[in-house]
Every structure is written in structure tokens, then in C-alpha cells.
Amino acid sequence: MVPAANLSVWPLRGLRLVSRDLELRYPTADDIEVLVRLAGQAEYEPSLPWMAGRDGSGRLDSSEQRARRLLQCLWREQGQWSPGGWTLTLATVVAGGIVGMQRLFATQFPVRREVASGSWLAADHRGKGIGTEMRAAVLHLSFAGIGATYARTEAREDNAASIAVSRKLGYVDDGVSVSVEDRRAVAYRRLRLDRDTWYSQNCTPIEIHGLQPCISMFGAG
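Residues numbered from 1 in each chain as written. Predicted model: local features only at pLDDT ≥ 70, side-chain atom pairs only at ≥ 80, totals over all residues. Heavy atoms only, no water.

**A few points about the layout of surface pockets**
Our working definition: Cavities and pockets were defined on a 1 Å grid built from protein atoms only: a cavity is a group of points that admits a 1.4 Å probe but offers it no way out, a pocket is an open group of points flanked by protein on both sides within 12 Å along at least five of seven lines, and a lining residue is one with an atom within 4 Å of any such point. Grid points are joined across faces, edges and corners, and a volume is the space filled by probe spheres set on the points. Think of it this way: any DSSP run of H or I at least four residues long counts as a helix, any run of E at least two long counts as a strand, and we number them from the N terminus. Each residue receives one of three labels: charged for Asp, Glu, Lys and Arg, nonpolar for Ala, Val, Leu, Ile, Met, Phe, Trp, Tyr, Cys and Pro, and polar for the others, Gly being one of them.
One number sums up the size of the second largest pocket: a volume of about 290 Å³. Looking at the second largest pocket, it is lined by 13 residues, and the ones nearest its centre are T132, A136, K168, L169 and T204. If you list the elements that add at least two residues to the lining of the second largest pocket, you get α5 (130-145) and α7 (195-201). Of the residues assigned to the lining of the second largest pocket, the class counts are 5 nonpolar, 5 polar and 3 charged.

**A look at helix α2 (residues 29-41)**
Owing to its 3.6 residues per turn, the α-helix aligns residues three or four sequence positions apart on the same side. Our working rule: Between the first and last residue of a helix there are one fewer steps than residues, each counted as 1.5 Å, and that sum is the expected span. Here the term buried applies to any residue with accessible area under 20% of the maximum for its type, exposed to any over 50%, and partly exposed to those in between, with areas from a 1.4 Å probe on protein chains only. Contacts between residues were defined by any pair of non-hydrogen atoms, one from each residue, lying within 4.5 Å.
Between its first and last C-alpha, α2 extends 19 Å over 13 residues, near the 18 Å set by a 1.5 Å rise per residue. Taken residue by residue, α2 has D31, I32, L35, V36, L38, A39 and G40 as its buried positions. Each element contacted by the buried residues of α2 is listed here: β2 (23-25), α3 (63-79), β3 (85-94), β4 (97-107) and β5 (114-121).

**Some words on empty space enclosed by the protein**
Summed over all chains, the structure comprises 2 cavities of 30 Å³ or more. Taken as a whole, the largest cavity holds about 70 Å³ of empty space. Along its surface, the largest cavity is lined by W10, Y26, P27, L74, E77, Q78, W81, T87, L88 and T89. Those elements that provide at least two residues to the lining of the largest cavity are α3 and β3. Considering only residue class, the lining of the largest cavity consists of 6 nonpolar, 3 polar and 1 charged. Here the second largest cavity defines a volume of roughly 30 Å³. Around the second largest cavity sit F105, A106, T107, R112, E114, V115, A116 and R152, which together line it. Of all the secondary structure elements, the ones that give two or more residues to the lining of the second largest cavity are β4 and β5. Its residues assigned to classes, the lining of the second largest cavity comprises 4 nonpolar, 1 polar and 3 charged.

**Observations regarding unusual backbone geometry**
At A95, a position not held by glycine, the phi torsion is positive, near 50°. Tracing the chain through its elements places A95 in the loop between β3 and β4. Residue class for A95 comes out exposed when judged on its relative accessible area of 84%.

**Remarks on the sheet that holds β4**
What counts, and what does not: Only when DSSP finds a minimum of two bridges between them are two strands counted as paired. Inter-axis angles, ranging from 0 to 180 degrees, are taken between N-to-C directions of lines fitted to C-alpha atoms, where helices are fitted over the stretch in contact.
Across the sheet, which stays open at both edges, the 9 strands sit in the order β7-β8-β6-β5-β4-β3-β2-β1-β9 with mixed pairing between neighbours. Edge positions in the sheet fall to β7 (172-181) and β9 (207-209), since each of these pairs with one other strand and no more. Across this sheet, the average inter-strand angle for adjacent strands is 25°, counted without regard to direction. As judged from the 6 bridges shared by β4 and β5, these two strands associate in the antiparallel manner. When the bridges of β5 are listed, L104 appears paired with S117. Of the strands in this sheet, β2, β3, β4 and β5 are in contact with α2, which crosses β4 at around 95°.

Laid out in C-alpha cells, this is it:
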């Protein structure tokens with residue numbers, strides 16, 4: 001239970017999305033400890049902001065460096081949050097344990113009404129439908145909760161699993177972008193989903209808890 005004083009100052013702490021097999025929740029201090037530990041143990045993925053780049057010796061970042069970078073990312077998200085631009089990171093909980101995180105972010109949301117998403121799931125929990133259910137939950141928050149009109153995402157051209165999740169949920173192609181990772185050009189597939197398409201095919205039951213006190217923080221009031 002989150003103390004009432006904490007909820008009044010930062011109501012996101014009470015935000016939870018509950019679907020059939022998982023829960024997405026705003027991470028507590030204990031949750032963050034688990035997430036940074038998982039980040040330190042994870043394989044190197046240069047597309048993730050908390051794994052980007054290599055250290056000065058040319059080796060992959062150490063587990064400690066990756067964990068510290070994720071912690072800094074989470075702190076930065078809180079410190080830079082505003083209704084006009086925000087990044088929401090939710091811990092993914094399955095069978096009582098944290099297995100990854102789901103991110104949702106927006107720029108000038110009150111005007112654009114567009115969100116973007118990204119996620120990370122521990123390797124031993126992939127291929128079980130969890131990623132699809134995570135994305136469906138934040139799409140429900142986006143369209144039904146805060147009134148988004150569009151949702152977009154992107155994935156490396158070689159990330160067939162992520163692209164398949166997007167296709168399953170109704171996203172369509174929206175072009176290609178190029179990123180620089182480890183000093184190499186990497187192509188990304190951009191995808192886009194509109195609210196009408198989402199409502200026409202969404203059938204996943206999802207409950208949103210604790211959203212109303214947060215509405216103004218999202219710029220959705």
C-alpha cells in the first residue's frame with residue numbers, strides 16, 4: 001500500500017494496469033532494486049537506452065554500469081516529467097515476480113495526442129505471449145485512459161518477434177528510420193496504430209487502477 005502523502009504528491013505511484021496474466025505497475029523502491037538487478041544480468045542490447053554504447057576500453061559495459069545507467073534513466077524520467085513531455089516506465093509483474101518493464105512516452109501530448117512505446121523482458125520470459133499482453137495493457141491506457149489518437153513504435157529490422165507483436169495488435173508500417181549503434185548504421189521499422197483500429201479488434205480485458213489522480217500529469221485533463 002502506497003502512503004497517502006506520497007500519492008498526493010506523485011499520484012503515479014498508485015497507477016496499475018491489470019490484465020489476465022500480468023500486472024504493470026509504477027515501480028516502488030523495491031521494484032526498482034529488482035529491475036536494476038535484472039538489467040545488470042541481461043545480455044547486451046544496444047537499442048536499450050540503459051545499455052547504449054561501450055566503455056572506453058571497447059568492452060561491453062559491466063553489469064554494475066548497466067544497472068547504474070538504468071537507475072539514472074528512471075530518476076531522469078521522474079525529474080523531467082511534465083504534462084507536455086513524459087516517459088512512463090512500469091514494472092511487469094507475472095505470478096508475483098518482476099520479469100521486465102514496459103515504457104510509454106509522449107512529446108507535446110496535449111496537442112499531438114500521440115504516444116510511443118518500448119519494452120524489455122528478461123530472456124527466460126520471452127516467447128510466452130507476455131510481450132503482447134504488456135503492449136496491449138499500455139495501449140488500453142493510451143486510448144481508453146488518456147485519450148490518445150495514435151500509438152507508434154519501432155523495432156530493428158532483424159527483431160522479428162517485436163514486429164510480430166505490433167502486427168498482431170493492428171499496427172501498420174510507417175516507414176523506416178536509421179539509428180547509430182556501436183558506430184554502425186542500424187535500420188528500424190516504424191509502425192503506427194490508430195485508435196479506431198485498436199477499438200475494432202481489441203478483446204483483451206484490462207483494468208486501470210489509480211489513473212484519475214494522474215490525468216493532469218499526462219496532459220490529458
